[in-house]
Amino acid sequence: MTADLAIDVRGMTKRFGDLTAIDHVDLQVRTGEICGFLGPNGSGKTTFIRMLCGLLRADAGGGICLGHDVIKESDAVKRQVGYMTQRFSFYEDLSIAENLDFVARMYSLKDRRSAVRESLVRLGLEQRRDQLAGQLSGGWKQRLALAACMIHRPRLLLLDEPTAGVDPKARREFWEEIHVLAGQGLTFLIATHYMDEAERCHRLAFISGGSLLTHGTTAEVIDQAHLTTWSVSGPDLLTLAGRLRAHPGVGQAVAFGSALHVSGDDAASLEEAIAPFRTGQYEWKRIDSGLEDVFIQMMEKARRDVSP
Amino acid sequence: MSGYGFSPSRFCAMVVKEFIQMRRDRLTFGMMIGIPIVQLILFGFAINADPRHLPAAVLLADRGAQGRTLLYAVRNSSYFDFVREVKTEAEGQDALARGEVQFVVNIPENFTRDLLRGDRPAVLIEADATDPSATGNALGALRTLFSTALQNDLKGPLSFLADAEGPVELRIHARYNPEGITYYNIVPGLMGVILTMTMVIITGLAITRERERGTMENLLSMPTRPVEVLIGKIIPYILVGYIQIGLVLAVAYFLFHVPMVGSPILLFAVALVFIIANLSMGITFSTVAKNQLQAMQMAFFFFLPSIMLSGFMFPFRGMPRWAQAIGEILPLTHFLRIVRGILLKGNGAEEVVLQLWQIALFAAVVLTIGVKRYRRTLD
Ligand SMILES: Nc1ncnc2c1ncn2[C@@H]1O[C@H](COP(=O)(O)OP(=O)(O)OP(=O)(O)O)[C@@H](O)[C@H]1O
Ligand SMILES: [Mg+2]
């Protein structure tokens, strides 16, 4: 069973002084799976990823990553992991090709030159190979970083918001490539704030305040949330939203184009809340809850739990 | 256990990367070349300055003609201005101590009588040698002066007095700084000082820079060993060190005409150990410092004792015991002995090794500390 798991860690804990940034997180990711890693800003995504690749020492917990002990064999783990940092961390005073070459040497690649060339072609950056990395636009920097962390053909990719600032077309290409690679047996853990990307993952892990709140497929996550959502259209939705939010049964009321999505985790209470507004003026429709509704609901709940 | 050893490929990656970065960082590279030139010119200027018209007092205890002739000659050399005449030795020393005069010229009683008798009377020159470069030339001029000044007076029947030894004995009493340093001492010494300053600073910034630019996170996520990173960062700057040595040697030879008695090749060879020692010191500071500013401060605090206690500024034997003890630890102290030994005394490998192993030991200890201190995680 464990042979199937690329990541199998339990009880991972990291403290920064008084702050427990990661609080006993268990996470299992199967080989060949794309796991989306979601959570609000400051929830501990980056910290957790850093612990997996040995950049931060865990205060407690441990486990296996690619068949090696995460804590004790972090060198062995590092050789087979590609880590893309949230902030661009390649050398800005080195050219694109030089950066790739540096990484290729670092992993002692046998056919270094062709690996670099291949990577440049895939990036579509052959013409600009001698341009300094620091002169690239934000999106291109991301793409360079991504190419660089894949150059040594890692078995597991830990990507921290890899598509932040990347244009839609490049993002689509990126996700298509990820799925192809996953089909070949590569495993991905991808931190992201984009819901459309989350929906393209096999499984999702949602972390908040350092604790893992949910883990499962998109459908499972939505199911577990027991969220009921209504869509309403009509005049002056802004005022309506304001009045609905005042009711305890309403978790959120968010505008989507010309409609308002109203949701809550207690179906009966929600219906009670919207009852006074079910007049001819408004058109009400029960819809499936989206991932975003679910996450916002979880974030709100987590916040309420922390500060009652 | 992670039993992966040193990897030539990863080491190479670091070296190539550092070389490229060094080449691109024009400002720093320029500084590495500029600092030696500026220092040499500044020090060279001070050395070249040939101060004349130095204030002197005279204690004339003899009223004979020859005493006066000698004084005229001394004044005519343009090195000395007689600003006052003192009556007693104590008065002269007082003037010297207060810095009122730089020299006291003592023409003793019965000077003329002794001279004419052929007794070689002694003329005592007391010199304030606090700044040897200020008095050195003047005293040098005195020596030639004394043998020629009285030649006109000692013609004819007295010519037997003007023999090879000279008719007058010159006794120089260099006060305050008995071990006068000449510029032959300074220029070769400057080589060590320049290397210490630039090498420690440049690598002092090495790790902190990676940390501050955020590239450390990437570097640490790769399977590197501390030795590969640290030594990889040192290598390119060895070249810079050699450029500096070449520069200093060329200037010393062509501009200051410093003699090169020993083998410059031997000097080049042993300089490697000294360069590595300083680069290691810098890189170790870098692993301890939290940011670039701290690294700079540490480099500075290393530089100060190096320049003060190594024998560059003050004669080593003139320092108190504790200062000598500190000085003995510093690589610059030993390197100064090596450079001066090779260039001025013509020392060979045998003498050099006596100092060299101490520099090597320093480098090894410091680098070991650096490797141990190198943090392999971000926390
Ligand atoms: N080196 C550190 N020292 C102290 N606190 C830290 C450190 N790194 C992270 N933290 C804290 O740990 C918590 C988690 O941070 P982390 O960067 O992991 O969040 P994140 O989920 O990646 O956020 P984002 O979505 O903004 O990238 C935050 O409260 C942060 O302030
Ligand atoms: Mg983050």
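Residues numbered from 1 in each chain as written. Chains lettered and ligands numbered in written order. Predicted model: local features only at pLDDT ≥ 70, side-chain atom pairs only at ≥ 80, totals over all residues. Heavy atoms only, no water.

1. Considering the overall build of chain A
Within chain A one finds 11 helices and 14 strands. Buried positions account for 54% of the 308 residues belonging to chain A. Within chain A, counting contacts between residues at least 6 apart in sequence, those at least 24 apart form 69% of the total. For chain A, the accessible area works out to roughly 14,000 Å², and carbon and sulfur atoms hold 48% of it. (Helix = DSSP H or I, 4+ residues; strand = E, 2+ residues; numbered from the N terminus. Buried < 20%, exposed > 50% of the residue type's maximum accessible area, 1.4 Å probe, protein only. Contact = heavy atoms within 4.5 Å. Areas by Shrake-Rupley, 256 points an atom, 1.4 Å probe, with all protein chains shown as cover.)

2. Things to note about the overall build of chain B
Assigned secondary structure in chain B consists of 15 helices and 5 strands. Here chain B holds 379 residues, and 51% of them are scored as buried. Restricting the contact set of chain B to residue pairs at least 6 apart, pairs at least 24 apart contribute 81%. Carbon and sulfur atoms provide 63% of the accessible area of chain B, an area that totals close to 17,200 Å².

3. Observations concerning the coordination of the magnesium ion (ligand 2)
All names here are of chain A. Surrounding the magnesium ion (ligand 2) are the protein donor atoms Thr46 (OG1) and Gln86 (OE1), which sit 1.9 to 2.1 Å from the metal. Taken as a pair, Thr46 in helix 1 (residues 45-52) and Gln86 in the loop between strand 6 (81-84) and helix 3 (96-106) lie far apart in primary sequence, 40 residues in all. A residue is classified by how much of its surface remains accessible, and Gln86, at 37% relative accessible area, is partly exposed. (Donors = N, O, S within 2.8 Å, 3.2 Å for Na, K, Ca; no water.)

4. Examining the interface of chain B and chain A
Counting residues at the interface gives 32 residues for chain B and 29 residues for chain A. Taking both partners together, chain B and chain A bury about 3,000 Å²; carbon and sulfur atoms supply 54% of that area. The interface formed by chain B and chain A contains 5 salt bridges. For A:Asp75, the salt bridge identified is with B:Arg376, shortest N-O distance 3.3 Å. Viewed at the interface, chain A and chain B are joined by 15 residue pairs in polar contact (both at pLDDT 80 or more). At the level of secondary structure, the elements contributing two or more residues to the side of chain B that touches chain A comprise helix 1 (8-24), helix 8 (206-213) and helix 9 (215-221) of chain B. When residues in the side of chain B that touches chain A are grouped by element, the largest group, 10 residues, is from helix 1 of chain B. Classifying every residue of the side of chain B that touches chain A gives 12 nonpolar, 10 polar and 10 charged. (Buried area = accessible area lost by both parts, 1.4 Å probe. Salt bridge = Lys/Arg side-chain N within 4 Å of Asp/Glu carboxyl O. Polar contact = N/O pair within 3.5 Å; in protein donor to acceptor, adjacent residues only side chain to side chain. Nonpolar A, V, L, I, M, F, W, Y, C, P; charged D, E, K, R; others polar.)

5. With respect to the pattern of salt bridges
If you walk through the whole model with that rule in mind, you get 25 salt bridges over all chains. Measuring nitrogen to oxygen at the nearest pair gives 3.3 Å for the salt bridge that ties A:Glu33 to A:Arg30. Salt-bridge contacts for A:Arg122 lead to A:Glu177; the nearest nitrogen and oxygen are separated by 3.7 Å. Taken together, the positions of A:Arg122 in helix 4 (residues 112-123) and A:Glu177 in helix 6 (residues 168-183) put the pair 55 residues apart, joining distant regions of the chain. For A:Arg122, a relative accessible area of 49% puts it in the partly exposed group. Through salt bridges that share partners, B:Lys17, B:Glu18, B:Glu210 and B:Lys233 make up one connected network.

6. A closer look at the nonpolar core
In this structure, A:Phe48, A:Leu158, A:Leu159, A:Phe188 and A:Leu189 are the most contacted members of the largest nonpolar core, which totals 153 residues. Setting aside its immediate chain neighbours within four residues, A:Phe188 contacts A:Val29, A:Glu33, A:Ile34, A:Cys35, A:Leu156, A:Leu157, A:Leu159, A:Ile178, A:Leu181 and A:Ala182. Core analysis: the second largest hydrophobic core is formed by 25 residues, B:Ala56, B:Leu60, B:Tyr79 and B:Ala138 among them. (Core = buried A, V, L, I, M, F, W, Y, C linked by side-chain atoms within 4.5 Å.)

7. Some remarks on the sheet that holds strand 11 (residues 228-233) of chain A
All names here are of chain A. The strand order across the open sheet built from 4 strands is 12-13-11-14, with neighbouring strands paired in antiparallel fashion. The outermost strands of the open sheet, each flanked by one partner alone, are strand 12 (252-256) and strand 14 (283-287). Within the sheet, the average angular offset between the axes of one strand and its neighbour, ignoring direction, is 25 degrees. Bridge count for strand 12 against strand 13 (residues 259-264) is 5 bridges, and the pairing is antiparallel. Residue pairing in the sheet places Ala253 in a bridge with Val262 of strand 13. Most of the contacts of helix 9 (residues 237-245) go to strand 13, to which it runs at about 10 degrees, and overall it touches strand 11, strand 12, strand 13 and strand 14. Against the sheet, helix 10 (residues 267-274) engages strand 11, strand 13 and strand 14, with an angle of about 20 degrees to strand 11. (Pairing = 2+ DSSP bridges. Axes fitted to C-alpha atoms, helices over the stretch in contact; angles between N-to-C directions.)

8. Thoughts on the domain arrangement of chain A
Residues and elements named next belong to chain A. Each domain of chain A was delimited in the assignment, giving domain 1 (1-80 + 155-216), domain 2 (89-153) and domain 3 (227-306). Between the C-alpha centres of domain 1 and domain 3 the distance comes to 32 Å. Taken together, the contact pairs 10 residues of domain 1 with 6 residues of domain 3. Between domain 1 and domain 3, roughly 700 Å² of surface is buried when both sides are summed, and carbon and sulfur atoms account for 86% of that area. (Domains from an automatic or database assignment.)

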